[in-house]
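# Residue-level structural notes
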Amino acid sequence: MAWDEWEQLKADAVARDGGATRMQINGVPPDGANASAGSEVTGGLKTTKAAWMKAGVGVGDQREGLGKALTALSEGQKGLGLTEGCLTAAAQDKVYASWARYVRDLNEKCGSLQGILDQTGHDLLRTDKTVTGALEQVQIKYQDTPAVGGDARNR
């Protein structure tokens, strides 16, 4: 089919319906007429349980690596002995305690996120506000500490 013929077919189709119907590549009407079919945030786009479950599994898989890291930290700490009288050993003990706490918190954070994603995938009945609220609670609970030396962006 020649390009001119294709252009003519498109023009005929527009003329038939008065130009009211417009096709969008992403499937969402330009005027948001179908917004009630899905999320108010996504403008009518829909989701699947499988997508939420896959995201939950992905976050959950991180916990295995974190568990191994925590075990490696613990194994590396064995045999250190008493830290009294040795500044290097005392400093290393403090670094270990800090990193062990950080890895445990990160593991818990992944567990919390996995729970939210799994729950959202299971029922798909949670509203966007409910999911956002749950994610904000995780953000607040596991807020990272400020970088050493302060915030470089405000220098």
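Attention in this report is confined to the structure presented alongside it. These figures come from a predicted structure and were not determined experimentally.

With that settled, the discussion passes to the overall build of the protein. Summing up its helical and strand segments, the protein has four helices and zero strands in all. For the protein, the N- to C-terminal ordering of α and β elements is α-α-α-α. Of all 155 residues assigned to the protein, the portion counted as buried reaches 14%. Residue pairs in contact within the protein that sit at least 24 positions apart in sequence constitute 60% of those at least 6 positions apart. With an accessible surface of roughly 12000 Å², the protein has 57% of that area assigned to carbon and sulfur atoms.

The next point concerns the environment of Gln114. Within the secondary structure layout, Gln114 lies in helix α3 (residues 87–123). Separated by 56 residues in the primary sequence, Gln114 and Gly58 place their C-alpha atoms 8.2 Å from one another. Excluding anything up to four places from it in sequence, Gln114 contacts Gly56, Val59, Gly60 and Arg63.

This paragraph deals with helix α4 (residues 128–141). A rise of 1.5 Å per residue sets the reference length of α4, with its 14 residues, at 20 Å; its end C-alpha atoms lie 20 Å apart and thus fit the reference within 8%. Listing the buried residues of α4 in full gives Val131, Ala134 and Val138. Buried residues of α4 fall within an arc of 65° about the axis and therefore sit on the same side. Those residues of α4 that are exposed and angled more than 90 degrees off the buried face are Lys129, Gln137, Gln139 and Ile140.

Conventions used here
Residues numbered from 1 in each chain as written. Predicted model: local features only at pLDDT ≥ 70, side-chain atom pairs only at ≥ 80, totals over all residues. Heavy atoms only, no water. Helix = DSSP H or I, 4+ residues; strand = E, 2+ residues; numbered from the N terminus. Buried < 20%, exposed > 50% of the residue type's maximum accessible area, 1.4 Å probe, protein only. Contact = heavy atoms within 4.5 Å. Areas by Shrake-Rupley, 256 points an atom, 1.4 Å probe, with all protein chains shown as cover. Expected span 1.5 Å × (residues − 1). Arc of directions from axis to C-beta.

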